[in-house]
Amino acid sequence: MDYGMSPELERFRLEVRAFVEANAPAIPPKAGVRSAEDRAEHTLITEWIGKLFAAGYMGGDWPEQYGGQGSSYSAERDVVVGEEIARAQAPHFAGAGGLVSHALIDFGTEEQRQRYLPGIRSGKDTWCQLFSEPSSGSDLASLRTKAVRTENGCFRVSGQKVWTTSGHWAEYGYLLARTDPDAPKHKGISALIVDMSLPGVDVRPLREMTGTSDFNEVFLDNVELPAEALIGELNSGWAIANSSLGHERSGVATSVVRLRQNVDALKDLAKRVDRGGRPAIEDGAVQETLGKFTADVEALSALVYANISRWSRGTERVQDAPMAKLMFSELGVEISRYALELSGEAGILVEGDPGAVDRGRWQDEFLYARAYTIAGGSSEIMRNIIAERGLKMPR
């Protein structure tokens, strides 16, 4: 596939669209990837994830003995599913279940796969990603959380993690910890499974500027993990984490759909607000800005599909993913910022406030958009990767 979607994939898209329309939970959409606000909403989301797995729309790249689709799977199908979930503004797979499943499949023991994969497929078990720390975000290899091997082969873990999505709902955590303090920083890290109900695990939700608590900080105080909590070989966590992260290919494609929806909503907003005594959509400067946003989103879409095509042929370049990530995160900020500018003072009101524009949508979009310029590697880090590794420029 050189670009875009084949007729077969477009037929698959219609199939997925019908499934999403029939089964997605009725949860009000919010900007970004958000956690459930209460237990009832969490139950709806986990049941939804279970339905997606059962229908074969998630986990298609798993081996067939664990529920995957074998030779009929394609990465492009994952993209279609992600796009259709985003198009319907349905909940996404929040947490780390997708990441840890690939870590277990590629590096785990058969006992670990049999124990944990069914709970991920059913949606019963929520996982969180215990990677980032207060002093090691984009530079993940500098993490300080320690897992000390005890005489009986177990691990005693102490440290702090932060920006842990859905940590307050999670049954299990996918942890990176330093197991060899004397090794080079990329070499002394191990991947471990944490039962989040164990003594010494303290999860504290972080209230964000959006007003919700999607992230958490997690404190690990001498948490005792059994020997079988280790994923793969000791001190191989860096390679395991990078391998599992490499399986995620649909994220930016999904974000393109949301950006396109935001541009369409921005055009509608421009028809309803005044500029100089007439609808803003009639102003030439507004038209020019809306045209630019439209072109930028379509250019990003072309870039994403080109990246997916190269990846499927094994010709992916080191700068491909950083370019797409940088473009979508910066563009998201600009689109939402312009929506607030068009809305005027009422744009900063939140849902429930009298006079709030579009039920406070644009304030929520703008505040969350800033998170994307940091999450998954900051914009500064992305520019460095593009410059140094892609363009071979000096450090």
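On a predicted model such as this, the values are computed, not experimentally measured, just so you know.

Each helix and strand counted, the chain has 11 helices and 10 strands in total. With the C-alpha coordinates aligned to their principal axes, the bounding extent of the chain is approximately 75 × 50 × 45 Å. Counting across all 395 residues of the chain, residues that qualify as buried make up 50%. Counting only contacts in the chain whose residues sit at least 6 apart along the sequence, the fraction spanning at least 24 positions is 71%. Entry remark: accessible area of the chain is about 18600 Å², with carbon and sulfur atoms responsible for 52%. Distance from the positive charge centre (44 side chains) to the negative charge centre (56 side chains) of the chain: 3 Å.

Glancing now at the packing of aromatic side chains. In total, this model carries 12 aromatic pairs according to the counting rule given. Taken together, the ring pairs in this structure connect F12, F19, W48 and Y57 into an aromatic cluster. If you follow R121 out to its NZ or CZ, it ends over the ring of W62, 5.1 Å from the centre. Directly above the aromatic system of W362 lies the positively charged group of R361, at a separation of 4.8 Å from the ring centroid.

With that settled, the discussion passes to the environment of I49. Of note, I49 is situated in helix α2 (residues 39-54). Judged by relative accessible area, I49 falls into the buried class, the value being 5%. Taking the C-alpha atoms as reference points, I49 and V350, 301 residues apart in sequence, are found 29 Å from one another. In this structure, I49 is in contact with M58, H92, F93 and R121, ignoring residues within four places of it in sequence.

Time to look at the pattern of salt bridges. Within the structure shown, the criterion is met by 25 salt bridges. A salt bridge links R13 to E83; its shortest N-O distance comes to 2.8 Å. With R13 in helix α1 (residues 7-23) and E83 in helix α3 (residues 75-87), this residue pair connects regions lying 70 residues apart in the sequence. On the basis of relative accessibility, which here comes to 9%, the residue R13 falls in the buried class. Where salt bridges share partners, they join E10, R13, R17, E21, E83, E84 and R87 into one cluster.

Okay, the pairing of strand β3 (residues 155-161) next. Of the pairings in the sheet, the one linking strand β2 (residues 146-149) to β3 comprises four bridges and is antiparallel in character. Note on β3: the bridge partner recorded for K146 is S158. Remark: five residues form the turn of the hairpin made by β2 and β3, two consecutive strands paired antiparallel; G153 in that turn has positive phi of roughly 90 degrees. In the sheet, β3 pairs with strand β7 (residues 215-225) via six bridges, with the strands oriented antiparallel. Bridge assignment links Q160 to a residue of β7, and that residue is F219.

What follows is about helix α4 (residues 97-107). Residue pairs three or four apart in sequence face the same way in an α-helix, which turns once every 3.6 residues. Of all 11 residues in α4, eight are buried; the element is thus mostly enclosed. For α4, the secondary structure elements touched by its buried residues are α5 (110-122), β1 (127-130), β4 (172-178), β5 (189-195), β8 (230-231) and α6 (237-245).

Moving on, we come to the side chain of T145. Counting through the fold element by element, T145 comes out in the loop between β1 and β2. Under the relative-accessibility criterion, T145 is labelled buried at 1%. A distance of 2.7 Å separates a polar atom in the side chain of T145 from a polar atom in the side chain of E133. Side-chain polar atoms of T145 contact the backbone nitrogen of Q160, separated by 3.4 Å. The residues touching T145, leaving out its near neighbours within four places in the chain, are E133, V157, S158, G159, Q160, K161, L175, L176, A177, R178 and L220.

Counting residues in hydrophobic clusters, the biggest one holds 78 residues, and the most contacted among them are W127, Y174, I231, L266 and L342. Once you skip the residues sitting within four places of it in the chain, I231 turns out to touch V100, A103, L104, F107, G108, Q112, Y174, A191, L192, I193 and I240. L175, V194, L220 and V223 belong to the second largest nonpolar core, which has 18 residues in total.

Right, let's get into the packing of α2 against α5. Across the interface, α2 lies against α5 with an axial gap of 6 Å and an inter-helix angle of 105 degrees. By the angle class used here, α2 and α5 are roughly perpendicular. Facing α2, whose interface residues are T46, I49, G50 and F53, α5 presents I120, R121 and S122. Of the residues belonging to the contact of α2 with α5, the class tally is three nonpolar, three polar and one charged.

About the thresholds
Residues numbered from 1 in each chain as written. Predicted model: local features only at pLDDT ≥ 70, side-chain atom pairs only at ≥ 80, totals over all residues. Heavy atoms only, no water. Helix = DSSP H or I, 4+ residues; strand = E, 2+ residues; numbered from the N terminus. Buried < 20%, exposed > 50% of the residue type's maximum accessible area, 1.4 Å probe, protein only. Contact = heavy atoms within 4.5 Å. Areas by Shrake-Rupley, 256 points an atom, 1.4 Å probe, with all protein chains shown as cover. Lys, Arg positive; Asp, Glu negative; His and termini not counted. Charge placed at Lys NZ, Arg CZ, Asp CG, Glu CD. Phe/Tyr/Trp six-rings, centres within 6.5 Å; stacked < 30°, edge-to-face > 60°. Lys NZ or Arg CZ within 6 Å of the ring centre and 35° of its normal. Salt bridge = Lys/Arg side-chain N within 4 Å of Asp/Glu carboxyl O. Pairing = 2+ DSSP bridges. Polar contact = N/O pair within 3.5 Å; in protein donor to acceptor, adjacent residues only side chain to side chain. Core = buried A, V, L, I, M, F, W, Y, C linked by side-chain atoms within 4.5 Å. Axes fitted to C-alpha atoms, helices over the stretch in contact; angles between N-to-C directions. Parallel < 35°, antiparallel > 145°, perpendicular 65-115°, else oblique. Nonpolar A, V, L, I, M, F, W, Y, C, P; charged D, E, K, R; others polar.

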